[in-house]
Amino acid sequence: MIVRKILPQEMDATINLFNYYVDQAVESIPSISEEYDENSVLEFIRLYATHNEYVWMNAYEGQRPIGLIAGCVTQCPWNKDIFHGHIDMVFLLESHRNLDNFRSLLDAFTAWAKANKCTKLTAGDIGIDPARLKKLYEHFGFKEALLMVKELPE
Amino acid sequence: MKSYSTAISNQFNSDRFVAVDLVELYLLDTSYNAATLYLCTGGFDVTYNSITYTAQGDFIGFSSVAEDFDVKVGRFSIYLSAVGNNYVSKFVDTDFEGRRVIIRKAFLNIDAGTLAVIDAPITIFDGQIYNISITESRNSSSINVDCATLFADFERTSGRKTNNGSNWLFQGTTADTCFEKAGFVGTTEFKWGRL
């Protein structure tokens, strides 16, 4: 398995992969299925694939993308010269979901973050099984912080 | 032959510089109001003349621009990959033919760390759209914008030839004498051709 940034011609395959992520996220957040907008997804992936402060990497087995990791550089609120790499989402197809593959995704993101002068990694995910993801991140040395979600009344 | 300002020349001669291409596509919306697309190569948005050019990274490409002493129609293509409906509709909902296209090469100030555009960018192509092809796939589309220099219009006027009389006929004025030396081809042999 290799992990690398996506190429323009791999957009369709990447969206297909992202749709697997969405399908699983819908199980814990059903409203996603109604909110899903194909154009927004395309623009979202395009933004992460084009701008230097964002990154979108796929894990490939042969030509087939089987996982993804996406994130960005964030600026430290108390010092603009300190940067953190933030993992927005990480996903592996169920058939390829194991510690080694997760480590490969994390290593690739870490290398990208270091190249962008990041000194710390943060991660958060509101999608698939946050409890399992928390254990997974802890296994790789992440310490628990807080991410809260609240629905606002209309 | 192009000439450059001292600031741009210094960048050319520098051992480190950052340059991006700025693309301006002067399209119209469905109400025939200006809906210009400002795009740039590279991985960050660039602001020039208070206009933000949106970064396209590897999702934009060009064919090479050829410069020539001969008067001929310069062709040029811009490729936009993996775009959504919002981009496609900008081309299919309106009359794109003849809309202006400008490509500029901008050098960015890397030494100051601001990445601001240095001096005025160099115009490397100024022409118009003459064709667009869109390739759709399951989730996205690719747009190929074919452009031509202003001489495209000259070629397109059916029957116009490169002599003053023909040119005046189609222009409706005799002010333009650019072809006065082009109407005669003699038979005197010279080593380098004919006069």
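Counting from 1, residues in each chain are numbered in the order their sequence is written. To read the labels, note that chains go from A and ligands from 1, taken in the order they are written. Per-residue local features are limited, in this predicted model, to residues with pLDDT of at least 70; the limit for side-chain atom pairs, both in listing and counting, is 80 or more; totals at the level of whole chains, interfaces and linings are taken over all residues. Computation of side-chain values covers all heavy atoms of the structure but excludes hydrogens and water.

Asks: Would you explain the overall build of chain A in this entry?
Replies: The secondary structure content of chain A amounts to five helices and five strands. What counts as a helix is a DSSP run of H or I of at least four residues, what counts as a strand is a run of E of at least two, and both are numbered from the N terminus. Along chain A, helices and strands appear, N-terminal first, in the series β-α-α-α-β-β-β-α-β-α. With the principal axes as the frame, chain A shows a C-alpha extent of 45 × 40 × 30 Å. To sort residues, take the accessible area from a 1.4 Å probe on protein chains only and compare it with the maximum for the residue type: under 20% means buried, over 50% means exposed, and anything in between is partly exposed. When the 154 residues of chain A are sorted by exposure, 42% land in the buried category. Looking at chain A alone, contacts between residues at least 24 apart form 60% of all its contacts between residues at least 6 apart. A residue counts as positive if it is Lys or Arg and as negative if it is Asp or Glu; His and the chain ends are not included. To locate a charge, the coordinates of NZ of Lys, CZ of Arg, CG of Asp or CD of Glu are taken. Of the charged side chains in chain A, 15 are positive and 22 negative; the average position of the first set lies 11 Å away from that of the second. Residue contacts follow a heavy-atom distance rule, with two residues in contact if any of their heavy atoms lie within 4.5 Å.

Asks: Before we go on, may I ask you to explain the interface of chain A and chain B in this structure?
Replies: Often, the extent of an interface is quoted as the loss of accessible area on bringing the components together. Taken together, the contacts link 15 residues of chain A with 19 residues of chain B. Buried area: the accessible area, evaluated with a 1.4 Å probe, that two parts lose upon being put together, summed over both parts. Both faces considered, chain A and chain B share a buried interface measuring about 1,500 Å² in area, 46% of it formed by carbon and sulfur atoms. The three residues of chain A that bury the most area against chain B are A:P8, A:D12 and A:R46, which together make up 37% of that side's buried surface. Should a side-chain nitrogen of Lys or Arg be within 4 Å of a carboxyl oxygen of Asp or Glu, the pair is scored as a salt bridge. There are zero salt bridges connecting chain A and chain B. Here a polar contact is recorded for every N or O atom pair within 3.5 Å, except that within protein the pair must consist of a potential hydrogen donor and a potential acceptor, and residues adjacent in sequence are included only if both atoms are side-chain atoms. Taken together, the connections running from chain A to chain B amount to 13 residue pairs in polar contact (both at pLDDT 80 or more). Listing elements by their share of the side of chain A that touches chain B, those giving two or more residues are helix 1 (11-28) and helix 3 (38-50) of chain A. Considering every element that reaches the side of chain A that touches chain B, the biggest residue donor is helix 3 of chain A, with seven residues.

Asks: Would you explain the packing of helix 4 (residues 99-115) of chain A against helix 5 (residues 130-139) of chain A in this entry?
Replies: The description of two helices packed together rests on the angle between their axes and the distance between the axes. Residue and element names in this part refer to chain A. To obtain each axis, a line is fitted to C-alpha atoms, and for helices this fit is confined to the stretch in contact; angles are then taken between N-to-C directions over 0 to 180 degrees. Put simply, helix 4 and helix 5 touch, their axes get as near as 11 Å, and they point 70 degrees apart. Comparing the axis directions of helix 4 and helix 5 gives the class roughly perpendicular. Contacts from L99, F102 and L106 of helix 4 reach helix 5 at L133, L136, Y137 and H139. Put simply, Ala, Val, Leu, Ile, Met, Phe, Trp, Tyr, Cys and Pro go in the nonpolar bin, Asp, Glu, Lys and Arg in the charged bin, and everything else, Gly too, in the polar bin. Across the contact of helix 4 with helix 5, the residue classes break down as six nonpolar, one polar and no charged. Working rule for angles: under 35 degrees goes down as roughly parallel, over 145 as roughly antiparallel, 65 to 115 as roughly perpendicular, anything else as oblique.

Asks: Even after reading the chapter, I still don't get the sheet that holds strand 3 (residues 46-48) of chain B, so can you show me in this structure?
Replies: Sheet strands pair by backbone hydrogen bonding; their relative direction is either parallel or antiparallel. Residues and elements named next belong to chain B. Note on pairing: DSSP must find at least two bridges between two strands before they are called paired. A sheet is described by the order of its strands in space; here nine strands give the open sequence 3-4-2-1-7-8-9-6-5, paired in mixed fashion. The sheet terminates laterally at strand 3 and strand 5 (60-62), the two strands that pair on one side only. The sheet shows a mean angle of 30 degrees between the axes of neighbouring strands, direction not considered. Judged from the seven bridges that link them, strand 6 (residues 75-83) and strand 9 (residues 141-149) form a sheet pairing that is antiparallel. Paired with V83 across the bridge in strand 9 is S141.

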